[in-house]
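# Topology and contacts: notes
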Amino acid sequence: MRALTWHGKHDVRMETVPDPEILNPRDAIIKITSTAICGSDLHLYDAYIPTLQKGDILGHEFMGEVMDVGPKSTLKKGQRVVVPFTISCGSCFHCSKQQYSACDNGNPAENQDLGQELYGEPMSGLFGYTHLTGGYPGGQAEYVRVPFSDVGPIVIPDGMPDDDVLFLSDILPTGWMAAENAMIEPGDTVAVWGCGPVGLFAVQAAFKMGAHRVIAIDHFPHRLELAAGFGALTINFEQTDTYEALMEFTGGIGPDAVIDAVGLEAHGFFADNVVDQIKASTFLGTDRPHALRQAIVACRKGGRVSVPGVYGGFIDKFPFGALMEKGLTVKTGQTHVQKYLPQLLEMIGNKELDTTFLISHRLPLEQAAEGYRMFKNEQDTCTKVVLKPGLELA
């Protein structure tokens, strides 16, 4: 089959690789009909996340048709399914609490030691990410093997187009969980750093959960326009001092809840961010947490901090004093996708949520490498790339 493989920083290639096979009784083989490039994929593209190996197949946002199943799978051949990016067994301690992204069994034992050393506990299994998360081949391919297929995939009703439901695989539940972790109360003012896909879905979700005002912060004009289209106030951090604008919007109190949808590759010409970039480029540091620092400092006393943005290593100059002295509550983590799928699928079916606004480019799978380049370098106009196996070359 054809698949997109990683070979180093900014080096991804379409190659012919072996077809996946059923390995375990709960497996299924999915023929990919749609797959997307995620902002988290750019962390791999930029070589910020360790333990990728040359030839690894990327991609964790995908859906398709069931082609083959193991004897213990609950799926049937011919069904259309969206597959969560998290690989979860459904029966361990964490899965029993619907903490699916903390599953103890999704990551094979041979890959758990490094995660244990880095983070205190092994990471859960994720598709197409790194060997920290199991080294599973991803879905930017023609076919993919799905472990624990009786737990993860959700069957899509006939008549719902791929574009409507594809983002159930990751970014829509991630934006929803980001807003849920912000513990939004009716009348709240919520500030969202980053108007990428997750940030924009967090804006939608915050309003759905009762926020009175949502303030979206970015520097790409088109992305800010998209946020404004959902009713958000906007701050362009290249034109306005973010902290001062937030104080003005909130009468000097600060937002009730803040959401960092940026993560480890924060942008902007700020003193702390310049130092972070120098450290990262000289291997003296890993993450660039300017957005997180700013969110903590801006949040009101007693407020809530939600962090869906991905962080991979250590950060310094962290304002822990502000966090403690202001009594802030922090919630974060990879998304428990399976927990949210039934509710969000129903909301899409009832036209309560729109996801298709985000798609700016549809490309053949064979042009995946070009899709990565566009998503990396043209972030104002390239808001989301969906790849289609079999689509004619542009």
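These notes cover the structure that comes with them. (Residues numbered from 1 in each chain as written. Predicted model: local features only at pLDDT ≥ 70, side-chain atom pairs only at ≥ 80, totals over all residues. Heavy atoms only, no water.)

## Quick look at the environment of Thr74
- Position of Thr74 among the secondary structure elements: in the loop between strand 5 (61–69) and strand 6 (80–83).
- For the pair formed by Thr74 and Asp27, sequence separation is 47 residues and the distance between their alpha carbons is 9.6 Å.
- Among all residues touching Thr74, those that are not within four sequence positions of it are Ser149 and Asp150. (Helix = DSSP H or I, 4+ residues; strand = E, 2+ residues; numbered from the N terminus. Contact = heavy atoms within 4.5 Å.)

## As for the environment of Leu328
- Here Leu328 is to be found in the loop between helix 11 (320–325) and strand 16 (329–332).
- For Leu328, a relative accessible area of 12% translates into the label buried.
- The sequence separation of Leu328 and Arg300 amounts to 28 residues, and the corresponding C-alpha distance is 8.2 Å.
- Sequence-distant contacts of Leu328, that is, excluding residues within four places in its chain, are made with Ile296, Cys299, Arg300, Gly302, Gly303, Val305, Ala322 and Leu323. (Buried < 20%, exposed > 50% of the residue type's maximum accessible area, 1.4 Å probe, protein only.)

## Observations concerning the pattern of salt bridges
- Tallied over the full model, the rule gives 15 salt bridges.
- Note that Glu366 is salt-bridged to Arg2, the shortest N-O span being 2.8 Å. One end of the pair, Glu366, is in the loop between strand 17 (361–364) and helix 13 (368–377); the other, Arg2, is in strand 1 (residues 2–8), with 364 residues separating them in the sequence.
- Judged by relative accessible area, which is 37%, Glu366 ranks as partly exposed.
- Residue classification places Arg2 among the partly exposed positions, given a relative accessible area of 24%.
- The partner of Arg373 in a salt bridge is Glu378, and the shortest N-O contact between them spans 3.1 Å.
- Judged by its relative accessible area of 29%, Glu378 falls in the partly exposed class. (Salt bridge = Lys/Arg side-chain N within 4 Å of Asp/Glu carboxyl O.)

## Some remarks on the packing of helix 5 (residues 171–181) against helix 6 (residues 197–208)
- Close contact between helix 5 and helix 6 brings their axes to 7 Å; oriented N to C, the two are set at 50°. By the criterion of interaxial angle, the relationship of helix 5 to helix 6 is oblique. Helix-helix and strand crossings are classified by hand; for helix 5 and helix 6 the assignment is right-handed. Residues Ile171, Leu172, Thr174, Gly175, Trp176, Ala178 and Ala179 of helix 5 form the contact with helix 6, whose own contacting residues are Pro197, Val198, Phe201, Ala202, Ala205, Ala206 and Lys208. (Axes fitted to C-alpha atoms, helices over the stretch in contact; angles between N-to-C directions. Parallel < 35°, antiparallel > 145°, perpendicular 65-115°, else oblique. Left-handed = near helix turned anticlockwise from the far one by under 90°.)

## Thoughts on a nonpolar patch on the surface
- Taken together, the side chains of Ile315, Phe318, Phe320 and Met324 make up a nonpolar region of the molecular surface, amounting to roughly 380 Å² of accessible area.
- Take Met324: it is sitting in helix 11. (Patch = residues over 30% accessible without salt bridge, like charges linked within 9 Å, V, L, I, M, F, W, Y side chains within 5 Å. Areas by Shrake-Rupley, 256 points an atom, 1.4 Å probe, with all protein chains shown as cover.)

## Side note on the sheet that holds strand 16
- Spatial ordering of the open sheet is given by 13-12-11-14-15-16, a layout of six strands whose pairing is parallel. Lying at the two open borders of the sheet, with one neighbouring strand each, are strand 13 (233–236) and strand 16. Looking at each pair of strands side by side, their axes are set apart by 20° on average, direction ignored.
- Each of strand 11 (189–193), strand 12 (213–218) and strand 14 (257–260) is contacted by helix 6, which is oriented at about 170° to strand 12, the strand it contacts most.
- Docked against the sheet, helix 10 (residues 290–298) engages strand 11, strand 14 and strand 15 (304–307), running at close to 165° with respect to strand 11. (Pairing = 2+ DSSP bridges.)

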